[in-house]
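# Structural characterization, general
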Amino acid sequence: MKMCGIISVIDKKKNPMDGTAVREALSIMNERGNGEGSGYAVYGAFPEFADYYAIHVFYDDLIGPKTAVEEELEKVGTIKHDEEIPTFEQPNLKKRHIPWRYFFQPNVSALGTTASEEDILVYLMKKVNTTIPGALIYSTGKNIAIFKAAGWPEDVANFYRIQDYEGYIWLSHNRYPTNTAGWWGGAHPFNLLDWSVVHNGEITSYGTNKRYLEGNGYVCTMHTDTEVVAYLTDLLQRQHELPPELAFKALAPPFWDEIDRMPEKERELNTALRMTYGPAMMNGPFAIVVASSEGIAGITDRIKLRPLVAAEKGDRLYLSSEEAAIHVMEPSPDRVWMPRAGEPVIGRVY
Amino acid sequence: MPIGSVPPKYKVTIDKDLCMLCERCIENCPYGTFRREGNKIQIFSRACTGCHRCIAMCPRDAISLQEKPIDYRSHPVWSREAREAIYNQAQTGKIVLTGMGNALNVPQIFDRLLLDACQVTNPSIDPLREPMELRTYIGKKPRKLTIDKTPEGDIDLVTKLAPNLKCETPIMIAHMSYGAISLNAQLSLARGAAEEKTFMGTGEGGLHESLYPYQDNMIVQIASGRFGVDIDYLERGAAIEIKIGQGAKPGIGGHLPGEKVDESVSKTRMIPPFSDAISPAPHHDIYSIEDLSQLVRSLKEATEWKKPVFVKIAAVHNVAAIAAGIARSSADAVVIDGFRGGTGTAPRVFRDHVGIPIEAAIAAVDAKLNEQGIRNEVSVIASGGIRDSADVTKAIALGADSVYIGTAALVSLGCRVCGNCYRGLCPWGIATQREDLTARIDPDIMYKNVSNLIHGWTLEISELMGAAGINSIESLRGNRDRLRGYMLDENILSVLDVKTVGADV
Amino acid sequence: MMKKTLTIDAKGMHYTPLNKEIRAAIKDGVTEIILENINGQRFIGNGLRGKDLTIIINGVPGGDLCMFMSGPTCIVHANAEHAPGNTMDRGKIYIHGTAGDAVAHSMRGGEVYVRDSIGYRGGIHMKEYKDKCPVLVVGEYARAFLGEYMAGGILIVLGRGKDQPPVDERGVGTGIHGGELYIRGEVPDHLLGIGAEKKPFTEDDREKIRPYIEKYCREFGVDEPELFSDEYVHIGPSSARPFAGKYCWE
C-alpha cells in the first residue's frame, strides 16, 4: 500500500461520464503502481436497479460458495436480479475469480432484532467474508459498481470494459501493494454500503483504528489498512451523523498547539473532537478519496506525506495524486491547486 | 531454639590506602555499619542493607561492597531466600515483611515485546523537527459527539465534556503517601511533575500544606483508612483516586507503624501522633461493585462533578471484568497495578505471589472494554514495574492511556532499591521521617532529577513513536500491530493479542 | 557558440526513451531542446551535465525534474510536481507556475525559481559546501516545514500571493543548522520550527538576495520594485548544532 496512484472525478450536476477518460488518466500513473492491483468505482452505474443494493462477490468457483452465499442472501432479503459481471480476459489478466453481482432488497425484520437495511448488509458482509471460503463480498452500495483485480490499470479496465459504464462519480486506483500482493480483494476501491475509498499510503495507526472499529461492531476482513477508512467514514458519518467536514477532521485533526491558539469556541470543538475520536485518527502517510452518492472528498495526512492535487472545471471536481493525470481527463481546468495537509476538499452533488 | 545466625548478606571493605578517614561513611550510614577506632574505620557488615549511601558519598571510592560473601550450598529449589524465611519464621512465628516490589526472578513480559519501526513503505517521522504529540487526556470521553449546525453553517457543540486531566506526557507519578515517604521526597516529586505538566498522586496520607502550591498537579487519594480526607482535601486535588488495592499486596490493607507518625504526619493524616495508621483491607462502605459506584458518585457530588474520579485496583486474575465494572460506574479512569508494583512494606508472600503481571492485565482490560464498546470512554492507567521509556511505550501499545511510575521516580531521587523502606531509616531521605535523613533531600534541587527523568523518557517515547511513523500518542494506544512477541508462548501471545516475531502484518 | 535547437513531441512517451533522445541530442551539439506535450514524465533532465544547454518544457513534467542535474537550464511552462531540483548540483530551473512538495530537496548547488507557490517541505535539507550554494526563490507562498533541516543555501519567498501570506503553516526552518531564509511579509514567531531564529535583515542581506530577485523578475516578467525595497524576515539557525544538548552518554 505504498506508492499508489489515485484519480477521481465528480460531476456535481450528475451528468454521466463513461469510463474511457478515467482509464487513460489512471494509466498515466503506471509508475505509481506495479501491476498488482487496480480498480474503479462508479456511482450511478445501475439506473434500472437504483433502489437495490448492488452486492458484488468474487467467487473462487461456482460450485460451493455461490450456493452458500445465495442461501445467506435469501435468509435476509430478496434477490431482485443477479448476473455474472461481464469480463473479457486480457493477455496479462486471467480470470482468477468470478465476479458476480446481486441486486438485493434486505428484509429488515429477518434478523428478528432492531435492524436497518444497512445493518443487514453489514451483517451479510461479515457473515460471508468470515464464514464462506471461496466467496468475498467486496461491494454493497446502491447504484454503485466496483471493478477491480490484480493487474495494470488498462488491463483491469479492459477486463471489465469500463468504457461501457456511465456514472457521475468515478474513483480509480493504481496499486503498488506491499502487504497483500496480487490479491483481488486487496485492490481498491474499497466499498461499504454507500462509501467507497481509494487510498495512497500506509496507515501506521491501523492497529488502533481496527480495534476501535471492532469495539463498534465492525470486522476487518480485507487484510489491508484501507478498509478502516471506509468503516470509520461509515461510523462517523452514518452512525454518529457527523457532517463530512468534521468527520474528516477527526481522521486528520489539527495539532494540539494549533488548537490551543484557536478562539474559544473552535478550540472547544476541536478538543472535543480529538478526545472523542482519538482512536479514529489516522496516522502515517496517506492521501485518500472517499465517495458517497452525495459527493467526493479528498484529504491527506496532517503532515502531508502523500501528494494530492485538486482541479475544477465547470461542474467537475478532480482529485488526483498527480496533476498530469487530471490533464488527461481535462486539458484546461479552470483552477488547479494543492489542498492543505489534513484539510478536506469536498465536492457535493447539487 | 538457637539455630545460629544466618550468613551476612553483604560484606563491606575499605581500602586503607585510599581511605582518608573523613568519616563520611559513618555520618551517612544510619544503620551503624561504620565506626571510628583510632586511625581506622571499623566495619560491621551485618548492619549493611546494600543501600550504597556510603559508596556514593565516599570521596575516595575506598569502599567496596560484596553481595552474599558467604552463600549457602547451592541448590536449585532451596534458594537462600526460601531457607532464610524459614529460619526467620522458625524463630518468630510471624509473617515476613519486605519492602519494594516483587523480588522473584519472574520473566519480564515487557522485555519479550519488541517495538516496530518504519522502513521504506512509510517514512519515519523525525521528532526533532516535526511535531510529536504526547498530550494525554485522562478521564471520561463521550461515545460520540453531538453537534448542531446553525443556519449560518456554524457548528455548535452540544456534547458536554466531562472534566479530564490534561497531561503533556503519558507518564504520571504514582501514589506514595506522606508517612511512607518523606515530605521532601513528595515535594520533589510534585514539583518535578508540575514542571513536566503532568500529575502526581498524594497517596493515602493526606496533603501536607507545603504541597498546596502543586495541588493543581496532584491527584488526591482516598483509601480505606480515609486518612487526611475532608472536603477541603478533595477540593484541592486535580482529580480524586479511590484506592481499592495495590499490586504489591492485593487483597490486604496497609499499616503505617506508629513510630513513623510524627507530629507533621499526624497532622496531615488527621490522626493522633504515634498511633498506628491502619488501612483496612476493604473499604467498609464498598462490599460490592454497586457500592463502589456509590462512593464514586458521592465524591462527585461533594466536588460538584468538577473532578475526575479514578479507581485503582491491583491486577488480579479477574482484572478485566472488574475494570469493566468500574468503567460502567461513573468512574473516569481505572488504574491497574501489576504484581511487580512497589511498596514500602508488604508481606513477602503477597509481594511475590499474588496478582498478575501488568502487561497481561493491560491487554485483558483493554480487550474487555473494547469488546463492550466502551474502551475510549474511560482511561486506563497502568502501573507496577515500569522501568524505562520502552516499558511505557509498550504499555501504551498494549492499550494503556498512561502510566504511573513509583519506584522509578524514587530511584531518580537516589533510591538504590535496597528494599528496607519499612525500617524507616532510609539513608537517601526518602522512606523515612527522621529529620537528619529527610534533610538529605533538598526539594529545590532534587525536583530537577524527577523532571529530568520524565523529560528524558518523554523524548525517548517521541523517538520511538517517530520511528514507527506515528506522531500522536492516540495512534499508539492499543496499536498492538506495532508489537511483536519474542520467545513468548502462544497462550501469552493470545492474551496480549500480539503476533510473534517474524509474523506478517 | 552556435545555437542549435531540437523539438521533441513527447506525447505519450515514456521517460526513458525521452531522456535517451535528449542525451543523443546533446551529443549532437544541440543547445536548446524544446519538449512539447509533456504530461507527467518523471526524471526529465535527470543527471545531465554541461552548461550550454537549455531544456524548455511545455506541459506538466512529472516528479524529480532535473534530479542530480549538473549545469543545464530548464524552463517549465506549466506547474511542476514533486521535488523539482532534487539533489541538483548546478544549473537552473525556472517554473512558470507552481510546484509540489519537497522542491529543491537536498539541493547542493544551482538555482530553482518557482513563479507561484510551492507545497510542503520546500528547500528541505538544502546544503552548501565551499563554492556551491543552492538558491530557491518562490514567488508567492510556501506550506509547512519550509527549509526543514536546511544545512546551507539561500531560500527566498517573495510573498507575491494576492490573498495568501508568504507562509502561514508550522515548522518554518525547523531543524535548520545552516543557510538562510528570507521571507517578505510577516512570519509569526509561533510558526518558527525548532532551532530556527529570526535575525536582523541588514543591507548586506539585501545585497545578497538582490541578484536572485532580479533573475526572478527577468524570467517571469515581473516589475515590482517593492520586492527590492521591502523588509524581509531573515531566519537562520540558532546554532550549527541545534540538537547537541539532547543526548547524554551511557
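Rules behind the numbers
- Residues numbered from 1 in each chain as written.
- Chains lettered and ligands numbered in written order.
- Predicted model: local features only at pLDDT ≥ 70, side-chain atom pairs only at ≥ 80, totals over all residues.
- Helix = DSSP H or I, 4+ residues; strand = E, 2+ residues; numbered from the N terminus.
- Rg over C-alpha atoms; globule rule 2.2 N^0.38 Å.
- Buried ≥ 20, exposed ≤ 12 C-beta atoms within 10 Å, placed from the backbone.
- Axes fitted to C-alpha atoms, helices over the stretch in contact; angles between N-to-C directions.
- Parallel < 35°, antiparallel > 145°, perpendicular 65-115°, else oblique.
- Left-handed = near helix turned anticlockwise from the far one by under 90°.
- Contact = placed C-beta atoms within 7 Å.
- UniProt positions renumbered as here; feature names shortened; annotations may be inferred.
- Pairing = 2+ DSSP bridges.
- Nonpolar A, V, L, I, M, F, W, Y, C, P; charged D, E, K, R; others polar.

## A short note on the overall build of chain C
When helices and strands are counted, chain C shows three helices and 11 strands. Tracing chain C from N to C terminus, the helices and strands come up as β-α-β-β-β-β-β-β-β-β-β-α-α-β. For 250 residues, the compact-globule formula gives about 18 Å, and the C-alpha radius of gyration of chain C, at 18 Å, lands near that figure. Projecting the C-alpha coordinates of chain C onto the three principal axes gives extents of approximately 55 × 55 × 30 Å. With 250 residues in all, chain C has 52% of them scored as buried.

## Concerning the packing of helix α5 (residues 206-215) of chain A against helix α6 (residues 227-239) of chain A
Residues and elements named next belong to chain A. Running from amino to carboxyl end, α5 crosses α6 at an angle of 45 degrees, the nearest separation of the two axes being 10 Å. In terms of their interaxial angle, α5 and α6 are classed as oblique. Considering only the axes of α5 and α6, their crossing is left-handed. Between α5, through Y206, N209, K210 and L213, and α6, the contact on the second element is made entirely by V228, Y231, L232 and L235.

## Remarks on the UniProt feature "binding site: [4Fe-4S] cluster 1" (unreviewed entry) in chain B
Residues and elements named next belong to chain B. Mapped onto this numbering, the UniProt entry annotates "binding site: [4Fe-4S] cluster 1" (unreviewed entry) at C19, C22, C25 and C58. Spanning 40 residues, the named residues nonetheless gather at one spot, since no C-alpha pair among them exceeds 10.4 Å. Relative to the elements of secondary structure, C19 occurs in the loop between β1 (10-14) and α1 (24-28). Its 18 C-beta neighbours within 10 Å are what place C19 among the partly exposed residues. For C19, the residues in contact, after removing those within four places along its chain, are I14, I41, R60 and A62. Checked against the element boundaries, C22 lands in the loop between β1 and α1.

## Here's the deal with the pairing of strand β20 (residues 379-383) of chain B
Residues and elements named next belong to chain B. With five of five residues buried, β20 lies mostly within the body of the structure. Taking every second residue as pointing to the same face, both faces of β20 are buried, with S379, I381 and S383 on one and V380 and A382 on the other. Inspection of the sheet shows strand β18 (residues 333-337) paired to β20 by five bridges, in the parallel sense. The partner of A333 across the bridge, within β20, is S379. Where β20 meets strand β21 (residues 402-405), two bridges bridge the pair, whose relative direction is parallel. Residue pairing in the sheet places I381 in a bridge with S402 of β21.

## Structural notes on the interface of chain B and chain A
Taken together, the contacts link 37 residues of chain B with 34 residues of chain A. At the level of elements, β8 (147-149) and β9 (155-157) of chain B are the ones that each hand at least two residues to the side of chain B that touches chain A. Its residues placed into classes, the side of chain B that touches chain A shows 12 nonpolar, 13 polar and 12 charged.

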